[in-house]
Amino acid sequence: MPFPDLGDRLAEIRGRIASARSRGGHEQRVEIVAVTKTHGVDAVVAAREQGIRRIGENRVQEALAKMSQTTVDVEWHLIGHLQRNKVKHVGNFAMLHSLDSERLAAEVNDFAVRSERRMPVLVQVNVVGEGTKGGFATAEVKQVAEDLTRMPGLEVRGAMTMAPYEADEATLRGIFAKTREVGTWLRAAGHPATELSMGMSGDYEIAVEEGATLVRLGTILFGARAT
Ligand SMILES: *Cc1c(COP(=O)(O)O)cnc(C)c1O
């Protein structure tokens, strides 16, 4: 059986999430998005067997390949940068976590309007302005929130962030708290923005303490990635 200790790992993680949630006091619902990138479809099946319903992939092509290889009932979440020539595939995903530019927003909106649907998206914020990571600067978000109200094909469900790997606890906490504040700005503009996608294997407990509703976990579930 692939990933034989996944059940034990999840039991531990779920316990840690519950503790972090009560320490944080935000009383939010927290869901795990199991990040299966670089792993085979067996990781998706194993996660589903352990009660996980949300699968995260950061590349469209890899995700589509896995979708075609399994019929297990999961939601696919796109968590990596969506290239403009792949926008036509976005409808295969339950949620786009990485809405990272106005141009991409306009294209996803056009696609959604043409296909008569509303696409659930999260606004990716780059809180510390790291050049290597995508997303909007926090100073831009209020304007972006306004602009997105004019895109009927998008359902803005919340905010997403990726913290730097090397950040210390105080910095992480600041980044996650700022992302939570971005969520309030999105709601003030009228969006149903109740989700905060933040926290990965190394920082999910701090993220949950700061209000995360979706934690994106890869390594801690499935082990080190091949690439
Ligand atoms: C790979 C990835 C993750 C998972 O990272 P781990 O440290 O393995 O948990 C989360 N979010 C995004 C956007 C990723 O690309």
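Summarised in this report is the structure supplied together with it. (Residues numbered from 1 in each chain as written. Predicted model: local features only at pLDDT ≥ 70, side-chain atom pairs only at ≥ 80, totals over all residues. Heavy atoms only, no water.)

**Some details on the packing of helix 5 (residues 141-148) against helix 6 (residues 169-188)**
With their axes 9 Å apart at the nearest point, helix 5 and helix 6 run at an angle of 35° to one another. Viewed along their axes, helix 5 and helix 6 form a crossing whose handedness is right-handed. Residue-level contacts link Val-141, Lys-142 and Ala-145 of helix 5 to Val-182, Trp-185 and Leu-186 of helix 6. (Axes fitted to C-alpha atoms, helices over the stretch in contact; angles between N-to-C directions. Helix = DSSP H or I, 4+ residues; strand = E, 2+ residues; numbered from the N terminus. Left-handed = near helix turned anticlockwise from the far one by under 90°. Contact = heavy atoms within 4.5 Å.)

**Observations concerning unusual backbone geometry**
The residue Phe-3 is not glycine, and still its phi comes out positive at about 50°. Take Phe-3: its relative accessible area is 18%, and that puts it in the buried class. Phi angles above zero are rare outside glycine, and Glu-116 is one such case at about 55°. Within the element layout of this structure, Glu-116 appears in the loop between helix 4 (102-114) and strand 5 (119-125). (Buried < 20%, exposed > 50% of the residue type's maximum accessible area, 1.4 Å probe, protein only.)

**What about the pattern of salt bridges?**
Any two side chains of opposite charge can pair, given that their charged atoms come close. Under the criterion given, the structure shown has 20 salt bridges. Residue Glu-155 pairs with Arg-118 through a salt bridge whose shortest N-O separation is 3.7 Å. With Glu-155 in strand 6 (residues 154-161) and Arg-118 in the loop between helix 4 and strand 5, this residue pair connects regions lying 37 residues apart in the sequence. Exposure remark for Glu-155: the relative accessible area of 23% places this residue in the partly exposed category. Here the residues in one salt-bridge network are Arg-23, Glu-169, Arg-173, Arg-180, Glu-209 and Glu-210, joined through shared partners. (Salt bridge = Lys/Arg side-chain N within 4 Å of Asp/Glu carboxyl O.)

**What to know about the site of the ligand**
The environment of the ligand is formed by Val-35, Lys-37, Asn-58, Ile-79, Met-162, Met-200, Ser-201, Arg-216, Leu-217, Gly-218, Thr-219 and Arg-225. At a separation of 2.7 Å, an oxygen atom of the ligand approaches a polar side-chain atom of Arg-225. The protein chains hide 94% of the 390 Å² of surface that the ligand would expose on its own. Taking a 2 Å distance to the grid points as the criterion, the majority of the atoms of the ligand fall inside the largest pocket. When its residues are assigned to classes, the shell around the ligand shows five nonpolar, four polar and three charged. (Near = heavy atom within 4 Å. Polar contact = N/O pair within 3.5 Å; in protein donor to acceptor, adjacent residues only side chain to side chain. Areas by Shrake-Rupley, 256 points an atom, 1.4 Å probe, with all protein chains shown as cover. 1 Å grid on protein atoms, 1.4 Å probe; cavity = no way out; pocket = protein on both sides within 12 Å on 5 of 7 lines; lining within 4 Å. Sits in = over half its atoms within 2 Å of the grid points. Nonpolar A, V, L, I, M, F, W, Y, C, P; charged D, E, K, R; others polar.)

**Here's the deal with the packing of aromatic side chains**
Per the counting criterion, the structure on display carries one aromatic pair. Residues Phe-3 and Phe-222 carry aromatic rings whose centres are separated by 5.2 Å and whose planes lie at 70° to one another, so their mutual orientation is edge-to-face. Separated by 219 residues along the polypeptide, Phe-3 in the segment before helix 1 (6-24) and Phe-222 in helix 8 (residues 219-222) bring together distant segments of the chain. When the ring centre of Trp-185 is taken as reference, the NZ or CZ atom of Lys-142 above it lies at 4.6 Å. (Phe/Tyr/Trp six-rings, centres within 6.5 Å; stacked < 30°, edge-to-face > 60°. Lys NZ or Arg CZ within 6 Å of the ring centre and 35° of its normal.)

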